[in-house]
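Letter by letter, the chains look like this.
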Amino acid sequence: MNKNNFRILVCLIIAATIISQSFEGLVFAQQNTTQENAAQQNEPQQGSKLQKEINKAVNRLVGFGIASGKDDGQYHPEQNITRAEFAKMIVNALDIYVDINVDKLNFTDVDAKDWSAPYIYIASSSGFIKGYEDNTFKPNENITFAQACAIALRSIGYKDEVLQGDWPNNFIVKASELRIIDGIVMENDVAVNRGQVALIIDRLLNQKMLIPSFPKGKFREAEDIILEDRLGIFKFEDSYVLSKEVISEKDYVNIRMNIDGEEEKKRYKYVPEVSDILLAGNKLDVYINDEETIIYAENSKGENNGESGEDGKYGNSFIENGYEEAPVGQIKINGMDDFIDIDKDCKIYIDNEEVKKKNHKRYLKNGQFGVFRTEDGKLIYANILQWDSENYYVKAIDIKEKTIDYIGMDKRTNGKIELNKDDENYKFYLVNGADRTEIKFEELAKGDIINITDNQENKDIKMILAFRNVVKGKFDKLYGGYNGRNIKITLKEDPSKEYNLAEEFIYSYKNGEKIYNGERDDYNATNYLKDFYEENVSLYLDYKGDIAYIEGNFNLEIDSYGVLVRYGDAVRGEIQIYNKDGKRKVYAFEDSSEYERLKDDIPEGSIIKYSIGKSKKLRDLDPNIYESIILTSETSTIKAGDDFGEDFVTIEGDKYEVDSDTIYFDYTDHNPYNVKKIDWERLQDKKVIGDVEVIYANDDDKLKLLVIWDDMDKIQEKTEVGYVENIYRLGHEYYADIVRHGSSEVKQYTLHEGQYNIYPGRLILFKINTDNELELMEDEEFQFISDEIDGMDGDTITIDGEEYRIRDDSIILVGNKMKSRGSLDKGDRVDVYINDPKAVIISSPDYRDYKLEEGTLMEIDTSREESLTIEVDGDLEEYQLEEYIDYIYEGKYIQIENDKKSVTEFLEDILEEEALKNGEYKIKFAVNRDTGEIYRAWIY
């Protein structure tokens, strides 16, 4: 066999080729569940050994360019095949040149313009296939078993005159002798399906052509099989994939193969469709064309490159016991019963790059993950993946933005992989046992544990391997963790199955709402995991099968901060803590000896980091007590000019992010009994006009606690603008529901004492004081306007001849509903707060049930039946007032200083009595059409 005399193969480009990482080759012959067109005699064969052979045959023919799929990209082996389709496959199998320009055919039912005409012409003129006596070909008729056998044999030289006997039995007998119909049992006139035809043609390629010889009438076999002779494709069995590489921007694979009895290492190009099976360590049969290109590959006989065995390939496995650990010089691979030696000719690759023998022991260490192959109880090959990042828990996938939000096991690192922005390119694989299947980014899922490799194949490509192994059950036991032993967990469903805890892991008590980090060697590991006892949990396993993440479904208060107010009962081990909710509460320790340990060293008033277990008691503090305590002497400084941001604080020049879990205290009184809880709103976006002394706790760049120790007055109050949706009283406290500028949400605030001048529908300027109360403010930087809109032009509004720009973040309310700027129109009467000179918030009260009048205010009745007497068009009218009448005087709301007087009494106080009698006060007012009561009045 001369492998240098290859013929050129004109490959058919197959759309939608399907790659399978199960290493069954290019799985194209996927089964369609519909078997309507399959012959009834063939039904028992589906899913059998024969069906597997059919699938492999289809894959090979697709790879060789002989067969192709239907319009949906599937081959559909269960469907029947027409005479025209079969003619095309036979012509392709023999690599016969096809001239698409056919002038004339002898068949009356085949038009020269039909797609099948060139193939029918070649097949019929070559004597492979015959027509019918009426000069028809019947191209759309299904081909029968007998016809398929005859056409196949004729195409390789077994003409009718060569075979003795009657048609079709003579062809079927010969086909049986050549074993091209093994396993196919059916009646001669039954339609054969596409899968059976693929198997027949695939077997045909391994036959030799029968060619005429001398003397005349004699025949002999060709030297080479049809696959080699006609297609120029050569099969090399039991070839080992060593590595891939890129040379001059072209992809190559290095293979160890047997050529004419000699083992050689060769480098070949390969088509993209076979890339995923050409994985280092795979033992394959490869098919190479005359262009030195691998066009198809499949598992070698008896190999399943996804399964493990004592002698064979260990896919997606890891080293349990490294080379330099006892017994030194041997290793143990996960899944093996015994230790093994390293073969003297062992090849080891790191990320597909071969390493020198002297460095073998450096890489054969605990935890190394990859593909391992053994023979005769020795390691002969390893391709190890080096992790760039290990054990990331996938928190969320954003398909549109192509991002992966993850949590790392190392100090609960939150991060994001941005596929559209990162310099690296990624390939994604789902690991399931020994199988590794390439998937799309969209197929990643929340809860996957992912590892990211270093760059592969000398390219800027990284592999992201997803491990989707989750075990659910009721937490049973937790043991180990002493003298360096692993911590193990069992579930009640199968107490005999033990799960090791990973060296670094994360855990959540409440469905991932809050995730904490842990270390297996930490003294407290068993302490903070014991609360999972008897709870339903999900264990997320990493590539070693160790627990990377434990998730429960119950609530606990973990790693909170408070102020140690006082020591209580020593017998019960009680202390009082001012907690994150702003309450002083007494807690007892689960272990009362912790009380004494704390009291011996820590003064009252200190900041304490604590956790509450399922027992509702305090868990043990850190063995180093000062890891759980911050003394009030440990102060730092927020420097003047380091203003608070939208979601960050700068302390001593370092920037820390805040979130909804950050705790804030006002401790400026330096008395633990007078500590106050404050909200982030009190600090957010505030200017720092002088140094502020603080105490804080952080976790990397996340701020966990901020205590203002001194100089709260150096944090400048910020004027807020809001709309009052409602006010109410509960007990002695007044409350208001406010829509703040910058937020569309309604929020409840407690009103500062004496703040009674807040009415529903008003716009207000306010601040949040250190008691977290709403306190009204005056600010000259803000201008209040209540008037009609003269005109609207895009984002510009004109009122009383002045133009104001509507900001992008302006709040616009019509009635009490949030609206867009397009809802405003000329003539609308609005209340507006203006700043620099932009409209910050605009309220357009709903006047649909009111009519607007104008007149002269003549008299104010402050009796129980409050009323105003107004002269309108020369007539005096007395108007009753609605409960929450609102007055605007000299461009401001009339302010109410206490709840002893009505708003009308305040109006009487501020207006001059003589001017009122003389009719000097003009009034515009909105009067209810039904009740005649005044709702709002503008006095000037």
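- Going by what an unreviewed UniProt entry lists, the protein chain is known as S-layer homology domain-containing protein and is assigned to Maledivibacter halophilus.

Section: the overall build of the protein chain
- Within the protein chain one finds twelve helices and 55 strands.
- Here the protein chain has a C-alpha radius of gyration of 42 Å; the compact-globule value for 940 residues is 30 Å, and the former is much larger.
- Along the first, second and third principal axes, the C-alpha atoms of the protein chain reach 145 × 80 × 50 Å.
- Within the span of the protein chain, comprising 940 residues, buried residues form 51% of the whole.
- Of the contacts made within the protein chain by residues no fewer than 6 positions apart, 59% connect residues no fewer than 24 positions apart.
- Within the structure as shown, the protein chain displays about 45,700 Å² of accessible surface, and the carbon and sulfur contribution to it stands at 40%.

Thoughts on the nonpolar core
- One finds Phe-64, Phe-86 and Leu-205 to be the most contacted residues of the largest nonpolar core, which totals 72 residues.
- Tallying contributions element by element places helix α4 (residues 145–155) first for this core, with eight residues.
- In terms of nonpolar packing, the next biggest core, distinct from the first, is built from 25 residues, Leu-857, Val-903, Ala-915 and Phe-925 among them.

Looking at helix α10 (residues 593–601)
- Within α10 the residues assigned to the buried category are Glu-594, Tyr-595 and Leu-598. With its buried residues spanning 105° around the axis, α10 presents them on a single face.
- Its buried side turned inward, α10 meets β27 (557–567), β28 (574–578), β30 (607–612) and β31 (629–630).

Describing the UniProt feature "domain: SLH" (unreviewed entry) in the protein chain
- Mapped onto this numbering, the UniProt entry annotates "domain: SLH" (unreviewed entry) at residues 37–101 and 103–166.
- Summarising residues 103–166: 31% helix, 0% strand, and an end-to-end C-alpha distance of 35 Å.

Digging into helix α11 (residues 903–910)
- Restricting attention to buried positions, one finds in α11 the residues Val-903, Thr-904, Phe-906 and Leu-907. Along the axis of α11, the buried residues cluster in a sector spanning 155°; they form a single face.

Re unusual backbone geometry
- Of note, the amide linkage connecting Trp-167 to Pro-168 takes the cis form, showing an omega dihedral of 5°.
- When you line up the elements, Pro-168 lands in the loop between α4 and α5 (169–177).
- Cis peptide bonds are those with omega within 30 degrees of zero, and the linkage from Ala-326 to Pro-327 qualifies with -5°.
- By secondary structure assignment, the location of Pro-327 is in the loop between β8 (313–321) and β9 (332–333).
- Look at Asp-711: it is not a glycine, yet its phi comes out positive at around 70°.
- Positionally, Asp-711 belongs in the loop between β38 (702–710) and β39 (720–730).
- At Asp-800, a residue that is not glycine, the phi angle is positive and equals roughly 50°.
- Relative to the helices and strands, Asp-800 is located in the loop between β45 (796–799) and β46 (802–814).
- Relative accessible area serves as the criterion here: at 60%, Asp-800 is assigned to the exposed category.

Concerning the sheet that holds strand β4 (residues 250–259)
- Reading around the barrel, the five strands line up as β3-β4-β5-β7-β6 and close back on themselves, with mixed pairing between neighbours. Between one strand and the next, the sheet's axes are offset by a mean angle of 50°, whatever the strand orientation.
- Looking at chain direction, strand β6 (residues 283–288) and strand β7 (residues 293–299) are connected through five bridges and run antiparallel. When the bridges of β7 are listed, Leu-284 appears paired with Asn-299.

Comments concerning the pattern of salt bridges
- Tallying each qualifying case throughout the model produces 39 salt bridges.
- Glu-53 serves as the salt-bridge partner of Arg-203, at 3.0 Å between the closest nitrogen and oxygen. Pair noted here: Arg-203 is in helix α6 (residues 194–204) and Glu-53 is in helix α1 (residues 49–64), with a separation of 150 residues, a long-range link.
- Since its relative accessible area comes to 30%, Glu-53 is described here as partly exposed.
- Among the salt bridges present, the one from Arg-597 reaches Glu-594, with a minimum N-O distance of 2.9 Å. With Arg-597 and Glu-594 both in helix α10 and three residues apart, the pair spans about one turn of that helix.
- Here Arg-597 falls in the partly exposed class, since its relative accessible area comes to 24%.

Cut-offs applied
- Residues numbered from 1 in each chain as written.
- Predicted model: local features only at pLDDT ≥ 70, side-chain atom pairs only at ≥ 80, totals over all residues.
- Heavy atoms only, no water.
- Helix = DSSP H or I, 4+ residues; strand = E, 2+ residues; numbered from the N terminus.
- Rg over C-alpha atoms; globule rule 2.2 N^0.38 Å.
- Buried < 20%, exposed > 50% of the residue type's maximum accessible area, 1.4 Å probe, protein only.
- Contact = heavy atoms within 4.5 Å.
- Areas by Shrake-Rupley, 256 points an atom, 1.4 Å probe, with all protein chains shown as cover.
- Core = buried A, V, L, I, M, F, W, Y, C linked by side-chain atoms within 4.5 Å.
- Arc of directions from axis to C-beta.
- UniProt positions renumbered as here; feature names shortened; annotations may be inferred.
- Pairing = 2+ DSSP bridges.
- Axes fitted to C-alpha atoms, helices over the stretch in contact; angles between N-to-C directions.
- Salt bridge = Lys/Arg side-chain N within 4 Å of Asp/Glu carboxyl O.

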